[in-house]
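Structure at a glance
The chain contents come next:
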Amino acid sequence: MQPEIIIGDYQQLKTECNLIRYRVFVIEQNVPETLELDDRDSICIHLLLKLNNYYIGTGRIDLQQQGKIGRLAVLPSFRNKGYGQIILHNLELVARENQLNSVWLNAQKQPLNFYLKSGYNTISDEFLEANIPHLKMIKYFSD
């Protein structure tokens, strides 16, 4: 069964987005809640993935920061099933619809291959964000 893709602003989707993000980032990865929630949420376009009436993943894109993708999270029992790829692809579509020719993100080092397989290239040395190793990555669209 294909998941439902819901795209909207933070005000519309914040309850479900925050529940997923809290579970993944705050509980699972020990990111302080004060770092996980930021002032960019109200500016970003958010995406939720819904499967069988259950919200399983989320992500956002910040068009004002040249297409910065962030807060991509999939609940543990739904990982490695292609749902992260669906979220990423649909955020890229939002960027294309808004005439951007690339997107970028700060990828956690642990799932780096996920982004490499999706066409992203590393453009920085490793750095810490919320005490987690990250790398800045970019993907250019070729039309």
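Look a little higher up for the structure.
Structure report, in brief. (Residues numbered from 1 in each chain as written. Predicted model: local features only at pLDDT ≥ 70, side-chain atom pairs only at ≥ 80, totals over all residues. Heavy atoms only, no water.)

1. Details of unusual backbone geometry
Positive phi, close to 55°, is recorded for R71, a residue that is not glycine. Even without being glycine, N131 reaches a positive phi, approximately 65°. By secondary structure assignment, the location of N131 is in the loop between strand 7 (127-129) and strand 8 (132-140). According to the relative accessible area criterion, N131 is exposed, its value standing at 70%. (Helix = DSSP H or I, 4+ residues; strand = E, 2+ residues; numbered from the N terminus. Buried < 20%, exposed > 50% of the residue type's maximum accessible area, 1.4 Å probe, protein only.)

2. Comments concerning helix 3 (residues 83-97)
With 15 residues, helix 3 should cover 21 Å at 1.5 Å per step; its first-to-last C-alpha distance of 21 Å lies within 8% of that length. Buried within helix 3 are the following residues: Y83, G84, I86, I87, L88, N90, L91, E92, V94 and A95. In the stretch just after helix 3, Q99 is the one whose phi turns positive, near 60°. (Expected span 1.5 Å × (residues − 1).)

3. Looking at the side chain of T58
The residue T58 is located in strand 3 (residues 54-62) in this model. According to the relative accessible area criterion, T58 is buried, its value standing at 1%. A polar contact is formed between the side chain of T58 and the backbone oxygen of L47, at a distance of 2.8 Å. When neighbours within four sequence positions are excluded, T58 is seen to be in contact with C17, I20, R21, L47, L48, R71, L72, A73 and I87. (Polar contact = N/O pair within 3.5 Å; in protein donor to acceptor, adjacent residues only side chain to side chain. Contact = heavy atoms within 4.5 Å.)

4. Remarks on the pattern of salt bridges
Under the counting rule described, the total for this entry stands at ten salt bridges. The salt bridge involving E36 is made with R21; its shortest N-O contact spans 2.7 Å. With E36 in helix 2 (residues 33-36) and R21 in helix 1 (residues 10-28), this residue pair connects regions lying 15 residues apart in the sequence. Neither residue differs from the other here; E36 and R21 are each classed as buried. Here R21 falls in the buried class, since its relative accessible area comes to 1%. (Salt bridge = Lys/Arg side-chain N within 4 Å of Asp/Glu carboxyl O.)

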